[in-house]
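Chain residues, written in single-letter form:
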Amino acid sequence: MADSVYRPFLTTLMTMVHDPAMETIQASEFKAKCLALMDEVARTGKTIVVTKNGKPVAELRPHRAPRVKSPIGLHKKKVRIRGDIVSPIGTELWDALK
């Protein structure tokens, strides 16, 4: 029931978001050329919209690696600590702050 309620909304939303300049292909043609289209998308970086009965139903786009959610471990094995980072650097600087 819920699926049938939201389907018109999603179809309308997809139609509004769909960029007419994007390359489109019918589902039947996509089925026949799927592997070649995947290679083309990987090579060019362009998105292909798959349509069924003239309405967009899916997009074939290049894969993007997920963004790092936390900076912890981001520079693992890339940063080298030289020297002592725990001991105080000297009392002269602390005296200057008074």
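Treat the numbers as computed from the prediction; the structure is a model and nothing was measured.

## Some words on the confidence of the model for the protein chain
Detailed conclusions should not be drawn from predicted coordinates in areas where pLDDT is low.
In step 1: For the protein chain, mean pLDDT is 79; residues scoring 70 or higher make up 69% of the total.
In step 2: Overall, residues 12-16 carries pLDDT values under 50, and its contacts beyond four positions in sequence, including any with other chains, amount to 3 contacts.

## Thoughts on the side chain of T51
In step 1: When you line up the elements, T51 lands in strand β2 (residues 48-52).
In step 2: We classify T51 as buried; its relative accessible area is 12%.
In step 3: Among all residues touching T51, those that are not within four sequence positions of it are T24, I25, Q26, A27, P56 and V57.

## Brief notes about the sheet that holds strand β3 (residues 55-60)
Through backbone hydrogen bonds, the strands of a sheet pair up, either in parallel or in antiparallel fashion.
In step 1: Overall, mixed pairing links the 3 strands, which are arranged β1-β2-β3 in an open sheet. Only two strands of the sheet have a single neighbouring strand rather than two, namely β1 (23-26) and β3. The average angle at which neighbouring strand axes cross in this sheet is 35 degrees, direction not considered.
In step 2: The pairing of β1 with β2 spans 4 bridges and is parallel. Paired with T24 across the bridge in β2 is V49.
In step 3: Relative to the sheet, helix α2 (residues 27-44) contacts β1, β2 and β3, its axis offset from that of β1 by approximately 140 degrees.

Parameters and conventions
Residues numbered from 1 in each chain as written. Predicted model: local features only at pLDDT ≥ 70, side-chain atom pairs only at ≥ 80, totals over all residues. Heavy atoms only, no water. pLDDT = per-residue confidence, 0-100. Contact = heavy atoms within 4.5 Å. Helix = DSSP H or I, 4+ residues; strand = E, 2+ residues; numbered from the N terminus. Buried < 20%, exposed > 50% of the residue type's maximum accessible area, 1.4 Å probe, protein only. Pairing = 2+ DSSP bridges. Axes fitted to C-alpha atoms, helices over the stretch in contact; angles between N-to-C directions.

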